[in-house]
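Read off the chains here:
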Amino acid sequence: MQSFYDYDTQTIGPYKIPVDIEYKLSEQSNAFSVYRYYEIMNRFTEALAVFNNNNFCVCILTPEYLRFEYLTAYEATHNRFKLPIIKLDTPIVLNKYEHVGWIKTYQQCQAVYHWPWMLLGDTETKEIYDFSDKLSGHPLVNPPLSLYKLLVDTDYNAVFYDLDTCSPVFIK
Amino acid sequence: MIYTGFNYFGFGNVHPCGIKDKKVYYTLPSGVAIHNNTSIDFEIPEQMNLFVSDTVMFLLYHEDKKYVGRKDGSISIYRTSDELLVGLQNWKAPAYAETMLCGLYNSSGMYEIHLDLRDKRTVYILGGYRQGVLKKPAPERFHITDAVVSANAFGQYNNYSIFDERGDPVEADFWPIQEEIRRRDCAIFL
């Protein structure tokens, strides 16, 4: 889903990056199209997040490393400066988030394929990422896509499956 | 690259397409029908919709849903009223374009003419926004050297140079592709 990298807190979504990335104010607001981010996410299947770094290159965050990449093959072959790959030793997830449900997905880029957005929740503290509601009962971790089908025709924004009541729980 | 209803890797014109008997189908200008298997098990009438994309190969509308088929074999289904993702399907997308170089086209620059190996009649001019159909079935081999000599020697515009292995010209009917594609005013996927 759409997110932003915060240079002050070094976070993007539920991830904290233990690498100091310098911020330079740019005249252009965003040099890369939405399509490019999705395309890179599809190319690097292990990527958790992709974000623009000062309109110069893209940062690809994976569980094990942070990779800097030029946006096009032309730039990669014509730029003398080789972009680094930084190995991450510390865990990057802020909470113990797990995939507990699905979020209604309105596509921003239909040119590339991707699944519905995942609902991330902490099964211990019952917190749900990006939602004010809390998890109830024992949510099913890694639920099937058929649960998303139930969500489509409702007015709710997200769904998870409670194993205690054996029924889906919808969230506004 | 610009595609509409169904486009074959950016080669030539775009075709009206539909889904029937679990197959995505469209017809080449020579009359040969092309079918690709899909997991969608209901019929979608033949139609033509304009769009621009590097990755999308077909676009269909049916009832209140939009079907986007891509080169990677995925089909995403969206509700047209609010663009909500309502389903994921797949289809057997061609892995690459089955074409071969068969001649040259001179029009303020030299363009390659490619023969479609699926029907061996349809020819495309790469980057020249034209396509055609051979008047006779394609010969066993083409003589590209003759095509180079011909294209250079005459130096005239709109000179189609296709020669068979004996050096005889191979005749074809050519026509420009859809104007919306050349104008590039049908971008909805960028």
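Residues numbered from 1 in each chain as written. Chains lettered and ligands numbered in written order. Predicted model: local features only at pLDDT ≥ 70, side-chain atom pairs only at ≥ 80, totals over all residues. Heavy atoms only, no water.

1. Thoughts on the overall build of chain B
Broken down by element type, chain B carries two helices and 18 strands. Out of the 190 residues in chain B, the part that is buried amounts to 49%. Put simply, of all contacts in chain B between residues at least 6 apart along the chain, 46% involve residues at least 24 apart. Carbon together with sulfur atoms contributes 47% to the accessible area of chain B, which is approximately 9,100 Å² in total. (Helix = DSSP H or I, 4+ residues; strand = E, 2+ residues; numbered from the N terminus. Buried < 20%, exposed > 50% of the residue type's maximum accessible area, 1.4 Å probe, protein only. Contact = heavy atoms within 4.5 Å. Areas by Shrake-Rupley, 256 points an atom, 1.4 Å probe, with all protein chains shown as cover.)

2. Quick word on the pattern of salt bridges
Tallied over the full model, the rule gives 10 salt bridges over all chains. Residue R36 of chain A pairs with E39 of chain A through a salt bridge whose shortest N-O separation is 3.2 Å. With R36 of chain A and E39 of chain A both in helix α1 (residues 34-43) and three residues apart, this pair spans about one turn of that helix. In this structure, D82 of chain B engages R79 of chain B in a salt bridge whose closest nitrogen and oxygen atoms are separated by 2.7 Å. Owing to a relative accessible area of 26%, D82 of chain B belongs among the partly exposed residues under this scheme. Under the relative-accessibility criterion, R79 of chain B is labelled buried at 18%. Each of R36, E39 and R43 of chain A takes part in salt bridges that share partners, so that together they form one network. (Salt bridge = Lys/Arg side-chain N within 4 Å of Asp/Glu carboxyl O.)

3. Points about the interface of chain A and chain B
Across the boundary between the two partners, chain A contributes 17 residues, which contact 20 residues of chain B. The contact between chain A and chain B buries some 1,500 Å² in all, and 56% of this surface belongs to carbon and sulfur atoms. Looking only at chain A, the three residues that lose the most surface to chain B are Q110, A111 and Y113 of chain A, adding up to 42% of its buried area. On inspection of chain A and its partner chain B, the count reaches zero salt bridges. Remark: the boundary between chain A and chain B carries eight residue pairs in polar contact (both at pLDDT 80 or more). A per-element tally of the side of chain A that touches chain B places helix α3 (residues 146-152) of chain A first, with three residues. (Buried area = accessible area lost by both parts, 1.4 Å probe. Polar contact = N/O pair within 3.5 Å; in protein donor to acceptor, adjacent residues only side chain to side chain.)

4. A few points about the nonpolar core
Y148 of chain A together with F6, F58, L60, Y67, I75 and W91 of chain B are the most contacted members of the largest nonpolar core, which has 32 residues in total. By residue number, the principal contributor to this core is strand β9 (residues 56-62) of chain B, which donates five residues. Sequence-distant contacts of Y67 of chain B, defined by excluding residues within four places in its chain, comprise I40, F42, I44, F58, L59, L60, H62, I75, S76 and I77 of chain B. Counting residues in hydrophobic clusters, the runner-up holds 18 residues, among them I21, C57, C59 and L66 of chain A. (Core = buried A, V, L, I, M, F, W, Y, C linked by side-chain atoms within 4.5 Å.)

Nothing here speaks to function; it is geometry throughout.
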